[in-house]
Amino acid sequence: RMADQDHETSAPGEPRPVEQMEEVKRETKSAVESKRVDFSGVWRSVGSENLTAFLVSEGLDEKLAKAAADRQVTQEITYSEKQNTFTVKTGSHSKTYQIGGSDQLHEVFGNMMYWDGDKLMSRPTQLNTSPGAVETCRRMENEQMVLTMKNGKELAVRYFRRVPSAVAPT
C-alpha cells in the first residue's frame, strides 16, 4: 500500500536506520576500545611536579609531604579486560577497581573510573563531597605513564617508567 511505502526509509535489502545506528554504536565502541592503553606492568616513579604542595593540600604535614614526594614509588598495575578490573599495588597496599559494562566504575569512596579514549580517568561522583576529593588521569607520554592528580586547590603530576616485572613493588 502507498501509506506503508511512505514510511519506508530504505530500499529493500538495505539496512534500516535502527540497524545503521547499532552498527555506528558498535564501530564507535570498537574505536574507543582500540585506543585503550594497557597499563599492566611494574612502574617506578622517575619524577614529579608540585607533589609536595598537593600532598599538603590533602592534609599531610609539610615535612611528611616533602619526604613522600621525594620518595621513589613502585606500582604494580594489572588490567584485565576479561574481568573488567584495574588493580594498583603499591608496597603492601592494593586497590582493585571493578569497571562496569558501561566503562564506568563506582568506588566505595564515591569515585567513578572510566576510559576517555586512551586515558584512564577517575572523578569524584556528585555524592562525594569530601574536601579531599581527587580527580586522576593516567595516560602514556613518551614511554612514560603520566599520573595527574587534581583537587580543589592543587594539581600534581607524577611520571613513571615501566620496569621489568621481576622487580617487587616497594
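Residues numbered from 1 in each chain as written. Predicted model: local features only at pLDDT ≥ 70, side-chain atom pairs only at ≥ 80, totals over all residues. Heavy atoms only, no water.

**Student:** Please explain the overall build of the chain as it appears in this structure.
**Tutor:** Scanning the chain from N- to C-terminus turns up 4 helices and 10 strands. Taking as baseline every contact in the chain between residues at least 6 positions apart, the subset at least 24 positions apart corresponds to 46%. A total of about 11,200 Å² of accessible surface is found on the chain, and carbon and sulfur atoms cover 51% of it. (Helix = DSSP H or I, 4+ residues; strand = E, 2+ residues; numbered from the N terminus. Contact = heavy atoms within 4.5 Å. Areas by Shrake-Rupley, 256 points an atom, 1.4 Å probe, with all protein chains shown as cover.)

**Student:** How do you make sense of the side chain of Thr87 when you look at a structure like this?
**Tutor:** Following the sequence through the fold, Thr87 ends up in strand E3 (residues 85-90). Here Thr87 falls in the buried class, since its relative accessible area comes to 16%. Sequence-distant contacts of Thr87, that is, excluding residues within four places in its chain, are made with Glu76, Ile77, Thr78, Ser94, Lys95 and Thr96. (Buried < 20%, exposed > 50% of the residue type's maximum accessible area, 1.4 Å probe, protein only.)

**Student:** I would appreciate a short explanation of the pairing of strand E6 (residues 111-116) in the present structure.
**Tutor:** Within a regular strand, side chains alternate between the sheet's two faces. Judged by how many residues are buried, E6 sits mostly within the fold: 5 of 6 residues are covered. Sheet topology places E6 next to strand E7 (residues 119-124); 6 bridges connect them, and they run antiparallel. Bridging across to E7, Met113 finds its partner in Ser122. Once E6 ends, the chain turns through 2 residues before running back antiparallel as E7, passing Gly117 with a positive phi of about 65°. (Pairing = 2+ DSSP bridges.)

**Student:** Honestly, the side chain of Gln144 in this entry has me stumped. Any pointers?
**Tutor:** With respect to the helices and strands, the residue Gln144 is situated in strand E9 (residues 144-150). Residue classification places Gln144 among the buried positions, given a relative accessible area of 15%.

**Student:** Whenever I open this one, unusual backbone geometry confuses me. Can you help?
**Tutor:** Note on backbone geometry: most residues besides glycine have negative phi, and most peptide bonds are trans. Positioned with a positive phi, Asn142 is a non-glycine residue whose angle comes to about 50°. Inspection of the secondary structure puts Asn142 in the loop between strand E8 (135-141) and E9. In this structure, Glu143 takes a positive phi of about 65° despite not being glycine. Residue position: Glu143 is located in the loop between E8 and E9.

**Student:** What is the right way to read the environment of Thr136 from this model?
**Tutor:** The residue Thr136 is located in strand E8 in this model. Separated by 11 residues in sequence, Thr136 and Leu147 place their C-alpha atoms 6.8 Å apart. Filtering out sequence-adjacent residues up to four positions away, Thr136 remains in contact with Leu120, Met121, Ser122, Leu147, Thr148 and Met149.

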